[in-house]
Amino acid sequence: MTQYAIATDLNRCVGCLACSVTCKVVNDVPIGSYWNKVLRIGPNPKFEGAEFPDVEMYFLTVQCQHCADPECVKVCPTGASHKLEDGTVQIDKSKCIGCQFCAMSCPYGVRYLNEEERVVEKCTLCEQKIAQGELPQCVTQCGGRARYFGDLEQGIAGFEGPAPIDIASRNVDYDATVQSRAKLVDEIESYAESDVYRLPNVGNNPSFVYILRNRTWQGGGE
């Protein structure tokens, strides 16, 4: 069984919004709507009564979590929202009637109604790309090398992102870069199991994971 997902190292994320911008461009997301949001968490005091500069903050990327047991699929009256064998949750626009039951049932608020087409849209995890062995666009374009993609069933250590670029060589080829691969376990700082979090689970079992070290997780869930 496969469950594709994204793991994000929040200690690496710099809040550049490259993931959000490239997602809108590649997927033609309407103005005012987002498939991938970047939230600033903090600044919060590091300890009770602390004041600047004893504060901490991080950026939290939020999008469809491609849940293992998605509520949106359960409430869809037409079968438009459905899970594929790769674990991703997709929307068949030809079946969507724009009732927005799925949007109301989503605990993360990551679905919206496309007013022009009168259908619901959300992150597809770049299904058109991963079906061809490519990485999701938000992973490819992550400036901080914070995002990695892979099969959750195989463990996040094996998740992949683009390999580092040797800028000093001045031989940087874009196509070669986006096609390169590096494993999460080889690229990020070591982390403990207690450093791995997910968004709140209300029975839907979100698939995306977040790694955060030496800061207080404010995203709810575990």
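Here goes a summary of the coordinates provided. (Residues numbered from 1 in each chain as written. Predicted model: local features only at pLDDT ≥ 70, side-chain atom pairs only at ≥ 80, totals over all residues. Heavy atoms only, no water.)

## Details of the overall build of the protein
And step 1. Scanning the protein for helices and strands turns up seven helices and 12 strands.
And step 2. Per-residue burial for the protein yields a buried fraction of 46% across its 222 residues.
And step 3. Taking as baseline every contact in the protein between residues at least 6 positions apart, the subset at least 24 positions apart corresponds to 56%.
And step 4. With an accessible surface of roughly 11,600 Å², the protein has 50% of that area assigned to carbon and sulfur atoms.
And step 5. Distance from the positive charge centre (21 side chains) to the negative charge centre (29 side chains) of the protein: 3 Å. (Helix = DSSP H or I, 4+ residues; strand = E, 2+ residues; numbered from the N terminus. Buried < 20%, exposed > 50% of the residue type's maximum accessible area, 1.4 Å probe, protein only. Contact = heavy atoms within 4.5 Å. Areas by Shrake-Rupley, 256 points an atom, 1.4 Å probe, with all protein chains shown as cover. Lys, Arg positive; Asp, Glu negative; His and termini not counted. Charge placed at Lys NZ, Arg CZ, Asp CG, Glu CD.)

## Some words on the layout of surface pockets
And step 1. Estimated volume of the largest pocket: approximately 200 Å³.
And step 2. Lining the largest pocket are 15 residues, with Asp28, Pro30, Asn114, Glu116 and Glu121 positioned closest to its centre.
And step 3. At three residues, the largest contribution of residues to the lining of the largest pocket is made by strand β6 (residues 112-114).
And step 4. Estimated volume of the second largest pocket: approximately 170 Å³.
And step 5. Only α5 (137-140) and α6 (174-179) provide two or more residues apiece to the lining of the second largest pocket.
And step 6. Residue contributions to the lining of the second largest pocket peak at four residues, all from α6.
And step 7. Among the residues making up the lining of the second largest pocket, the classes are represented as three nonpolar, four polar and four charged. (1 Å grid on protein atoms, 1.4 Å probe; cavity = no way out; pocket = protein on both sides within 12 Å on 5 of 7 lines; lining within 4 Å. Points joined across faces, edges and corners; volume = space filled by probe spheres on them. Nonpolar A, V, L, I, M, F, W, Y, C, P; charged D, E, K, R; others polar.)

## Considerations on the side chain of Arg213
And step 1. Note that Arg213 resides in the segment after β12 (209-211).
And step 2. Residue classification places Arg213 among the buried positions, given a relative accessible area of 7%.
And step 3. From its side chain, Arg213 meets the backbone oxygen of Glu189 in a polar contact 3.0 Å long.
And step 4. Apart from residues lying up to four places away in sequence, Arg213 is in contact with Asp9, Asn11, Ile188, Glu189, Ser190, Tyr191 and Asp195. (Polar contact = N/O pair within 3.5 Å; in protein donor to acceptor, adjacent residues only side chain to side chain.)

## Describing the packing of aromatic side chains
And step 1. Within this structure, the stated rule accounts for four aromatic pairs.
And step 2. Between the aromatic rings of Tyr58 and Trp217, the centroid separation amounts to 6.4 Å while the plane-to-plane angle is 10 degrees, which identifies the pairing as stacked. Pair noted here: Tyr58 is in strand β3 (residues 55-63) and Trp217 is in the segment after β12, with a separation of 159 residues, a long-range link.
And step 3. Judged by its relative accessible area of 12%, Trp217 falls in the buried class.
And step 4. A centroid spacing of 5.8 Å and a plane angle of 35 degrees characterise the contact between Tyr210 and Trp217, whose relative ring orientation is tilted.
And step 5. Taking NZ or CZ as reference, Lys24 lies 4.6 Å from the ring centre of Tyr34, over its face. (Phe/Tyr/Trp six-rings, centres within 6.5 Å; stacked < 30°, edge-to-face > 60°. Lys NZ or Arg CZ within 6 Å of the ring centre and 35° of its normal.)

## Quick word on a nonpolar patch on the surface
And step 1. A cluster of nonpolar side chains, namely Leu17, Val21, Val25 and Val26, defines an oily patch on the protein surface of about 330 Å² accessible area.
And step 2. With respect to the helices and strands, the residue Val26 is situated in helix α1 (residues 18-27).
And step 3. Relative accessible area serves as the criterion here: at 35%, Val26 is assigned to the partly exposed category. (Patch = residues over 30% accessible without salt bridge, like charges linked within 9 Å, V, L, I, M, F, W, Y side chains within 5 Å. Salt bridge = Lys/Arg side-chain N within 4 Å of Asp/Glu carboxyl O.)

## Notes on unusual backbone geometry
And step 1. In this structure, Pro43 follows Gly42 across a cis peptide bond, with omega equal to 5 degrees.
And step 2. Examined against the element boundaries, Pro43 turns out to sit in strand β2 (residues 36-45).
And step 3. Across the junction of Phe52 and Pro53, the peptide omega takes the value 15 degrees, indicating a cis bond.
And step 4. Residue position: Pro53 is located in the loop between β2 and β3.
And step 5. Residues other than glycine seldom take positive phi values, yet Gln100 does so here, at roughly 70 degrees.
And step 6. On the secondary structure map, Gln100 appears in the loop between β5 (89-91) and α3 (101-105).
And step 7. Within the chain, Arg145 stands out as a residue other than glycine whose phi angle is a positive 55 degrees.

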